[in-house]
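Structural overview for review
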2 protein chains.
Amino acid sequence: MAKQFIFLVSSDQRTFLQTVRSLFPCAVANRSLDFLWRFWSSGFFLAEGLSARSVLQQCLYAMLQVKRADDQSDAECVEIDRGMVYICFFKCATEDIIPKMANTLCEADSGKYVSVLDLPGSVLIVPQATLGGKAKGKGMQYHNNIGKEEGLQLYSNFVSFFEKELALSSKSSKIATIIKHGTYGNRQVLKLDTNRPCTHLMEF
Amino acid sequence: MAKQFIFLVSSDQRTFLQTVRSLFPCAVANRSLDFLWRFWSSGFFLAEGLSARSVLQQCLYAMLQVKRADDQSDAECVEIDRGMVYICFFKCATEDIIPKMANTLCEADSGKYVSVLDLPGSVLIVPQATLGGKAKGKGMQYHNNIGKEEGLQLYSNFVSFFEKELALSSKSSKIATIIKHGTYGNRQVLKLDTNRPCTHLMEF
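Residues numbered from 1 in each chain as written. Chains lettered and ligands numbered in written order. Predicted model: local features only at pLDDT ≥ 70, side-chain atom pairs only at ≥ 80, totals over all residues. Heavy atoms only, no water.

1. Examining the overall build of chain A
Along the backbone of chain A there are six helices and ten strands. Within the span of chain A, comprising 204 residues, buried residues form 48% of the whole. In the form shown here, chain A has an accessible surface area of approximately 10,300 Å², with 52% of it arising from carbon and sulfur atoms. (Helix = DSSP H or I, 4+ residues; strand = E, 2+ residues; numbered from the N terminus. Buried < 20%, exposed > 50% of the residue type's maximum accessible area, 1.4 Å probe, protein only. Areas by Shrake-Rupley, 256 points an atom, 1.4 Å probe, with all protein chains shown as cover.)

2. A look at the packing of aromatic side chains
All names here are of chain B. Summed over all chains, the structure comprises four aromatic pairs over all chains. When the centroid spacing of 5.6 Å and the interplanar angle of 40 degrees are considered together, the rings of Tyr155 and Tyr184 count as tilted. A residue pair is termed long-range when its members are at least 10 positions apart, and Tyr155 in helix α5 (residues 148–168) and Tyr184 in the loop between β8 (178–181) and β9 (189–194) qualify at 29 residues. What makes Tyr155 buried here is its relative accessible area of 3%. (Phe/Tyr/Trp six-rings, centres within 6.5 Å; stacked < 30°, edge-to-face > 60°.)

3. A look at the sheet that holds strand β1 (residues 52–57) of chain B
Residue and element names in this part refer to chain B. Taking strand neighbours across the sheet as the criterion, the five strands line up as β8-β5-β4-β1-β10 in an open arrangement whose pairing is mixed. Looking along the sheet, the strands with just one partner apiece sit at the ends: β8 and β10 (199–203). Taken pair by pair, the neighbouring strands of this sheet meet at an average axis angle of 20 degrees, ignoring direction. Where β1 lies against strand β4 (residues 84–89), six bridges are found, and the strand directions are antiparallel. Paired with Arg53 across the strands is Cys88, a residue of β4. (Pairing = 2+ DSSP bridges. Axes fitted to C-alpha atoms, helices over the stretch in contact; angles between N-to-C directions.)

4. A short note on the pattern of salt bridges
Taken as a whole and judged by the stated rule, the model has six salt bridges over all chains. We note a salt bridge from Asp70 of chain A to Lys67 of chain A, for which the minimum N-O separation is 3.6 Å. Where Arg53 of chain B meets Glu203 of chain B, a salt bridge forms, and the shortest distance between an N and an O atom there is 2.7 Å. Highlighted residues: Arg53 of chain B in strand β1 and Glu203 of chain B in strand β10, separated in sequence by 150 residues. With a relative accessible area of 9%, Arg53 of chain B lands in the buried category. On the basis of relative accessible area, Glu203 of chain B is assigned to the partly exposed category, the value being 35%. (Salt bridge = Lys/Arg side-chain N within 4 Å of Asp/Glu carboxyl O.)

5. Overview of the environment of Cys92 of chain A
Note that Cys92 of chain A resides in the loop between β4 (84–89) and α4 (98–103). On a C-alpha basis, the gap between Cys92 of chain A and Val123 of chain A in space is 25 Å, while along the polypeptide they are 31 residues apart.

6. Overview of the confidence of the model for chain A
Residues and elements named next belong to chain A. Across chain A, pLDDT averages 75, with 63% of residues at or above 70. Below a pLDDT of 50 lies the segment residues 1–11, which in the model reaches 24 contacts outside its immediate sequence neighbourhood of four places, other chains included. Reported confidence for the predicted complex is 0.71 by ipTM and 0.73 by pTM. (pLDDT = per-residue confidence, 0-100. Contact = heavy atoms within 4.5 Å.)

7. Examining the nonpolar core
In this structure, Met84 and Leu124 of chain A together with Met84 and Leu124 of chain B are the most contacted members of the largest nonpolar core, which totals 32 residues. With near-sequence residues (within four places) excluded, Met84 of chain A lies in contact with Val55, Leu56, Gln57, Cys59, Ala62, Leu124, Val126, Leu190 and Leu192 of chain A. (Core = buried A, V, L, I, M, F, W, Y, C linked by side-chain atoms within 4.5 Å.)

8. A short note on the sheet that holds strand β3 (residues 76–80) of chain A
In a beta sheet, neighbouring strands pair by backbone hydrogen bonds and run either parallel or antiparallel. Spatially, β3(A)-β2(A)-β9(A)-β9(B)-β2(B)-β3(B) is the arrangement adopted by the six strands of the open sheet, whose pairing is antiparallel. Two strands in the sheet have a free side with no partner beyond their single neighbour: β3 of chain A together with β3 (76–80) of chain B. Across the sheet, the mean angle from the axis of one strand to that of its neighbour is 15 degrees, orientation sign disregarded. Direction of pairing for strand β2 (residues 61–67) of chain B relative to β9 of chain B: antiparallel, over a ladder of five bridges. By the bridge assignment for β9 of chain B, Tyr61 of chain B is matched with Asp193 of chain B.

9. Notes on the side chain of Ser122 of chain B
Counting through the fold element by element, Ser122 of chain B comes out in strand β5 (residues 122–127). Among all residues touching Ser122 of chain B, those that are not within four sequence positions of it are Ile80, Asp81, Arg82, Gly83, Thr177 and Ile178 of chain B.

10. A closer look at the state of the cysteines
Two cysteines, two sulfur atoms, one covalent bond between them: this is a disulfide. Taken as a whole and assessed by the stated rule, the structure comprises zero disulfides over all chains. Cys88 of chain B supplies the cysteine sulfur nearest to Cys92 of chain B, a cysteine that is in no disulfide, at a spacing of 11 Å. (Disulfide = S-S within 2.5 Å.)

11. A short note on the environment of Leu60 of chain B
Mapping Leu60 of chain B onto the fold places it in the loop between β1 and β2. Along the primary structure Leu60 of chain B and Asp81 of chain B are separated by 21 residues, whereas in three dimensions their C-alpha atoms are 5.1 Å apart.

12. Some points on α5 of chain B
Residue and element names in this part refer to chain B. Restricting attention to buried positions, one finds in α5 the residues Gly151, Leu154, Tyr155, Phe158, Val159, Phe161, Phe162 and Leu166. Looking straight down α5, one finds that the buried residues subtend no more than 160 degrees of arc, so they occupy a single side. In α5, the exposed residues that point more than 90 degrees away from the buried face are Glu149, Lys164, Ala167 and Leu168. (Arc of directions from axis to C-beta.)

13. Section: the environment of Lys191 of chain B
Following the sequence through the fold, Lys191 of chain B ends up in strand β9. Its relative accessible area of 36% is what places Lys191 of chain B among the partly exposed residues. Along the sequence, Lys191 of chain B and Glu149 of chain B sit 42 residues apart, while their C-alpha atoms lie 27 Å from each other. Among all residues touching Lys191 of chain B, those that are not within four sequence positions of it are Leu192 and Asp193 of chain A together with Tyr61, Ala62 and Met63 of chain B. Of note is the side chain of Lys191 of chain B, whose polar atom sits 3.0 Å from the side chain of Asp193 of chain A. (Polar contact = N/O pair within 3.5 Å; in protein donor to acceptor, adjacent residues only side chain to side chain.)

Pasting the structure below:
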């Protein structure tokens, strides 16, 4: 039954009503159908747009180059020994998803879902705008991605929130959890070693 | 208005009707509301379930251990120099998504979305069941993942399809595209080098 949905999304009123009638032959008075169509076409049943997407990649070691070498200085890198997360914000992202995102980062070693704030281990936060891409024809579209400035702001706030929460967490002070992060908008060089690639997708 | 959806998904009939009334104060006769609730709670408005998810990670080099060392032999590894894809099948996956998945693997070097079959480069296909995980309370659930045997079958068919298409592709024979793949259900050791982590999510 659920299969019909995809078809209905782009259907006109006639197709919609025909499908409803074929699926629920007993329960259909015309007045009720008009009512149902009104709700359907008003967009009432559309799911809320995504605010952010993160991919957690468990690793043993990761190194990210955050600044390229130039005439004055060598390249700068950050390293961690466990846990990496790619994040991407969409247009409708607001500050209030930050605590939620930080608390639902999971670690799957034991199959348990634990906030990274309660974990032994480290986190490397990598901004990853391509995660917001959507295949369209022969290209990838990023129309739903957040604007550059708002994205930078949210990314910085996300990292600060994370660092602040970690400093407050009694568990992390005992086990020295480390937070490192990439540079928003920069081309990044990444090395990754895992003993079991373990990739989780989270959407907010 | 769409915001209400998330709330409604897990709501009872009373909450559902209250929300409908507050959003559409003029249009609500009780009989119609009952009717609307019947459709809502029947699951009629649920989106079709996903069949598969893949994550493409662009890389310069990747190495995957496909067999662990034992008394008789050393560990076996496969290596590629460009492009890696994690795939995960869901319960409702069937054979007919395989060609679609193989053709929509993208490569983002030029910002263009190209089937890997038309690319210079290589592909490492990594089975990644954790991609099907869903956060639930304090755990990750994999209820929607495909069963082990059906998953293995689809995975094998996916790899074979890919190899066959590649052999037929005139472009790939000129540029020696290589396909390597991980072992379904095995613990895997992965090394990855990128000069720009570029992560795309595809859902089918």
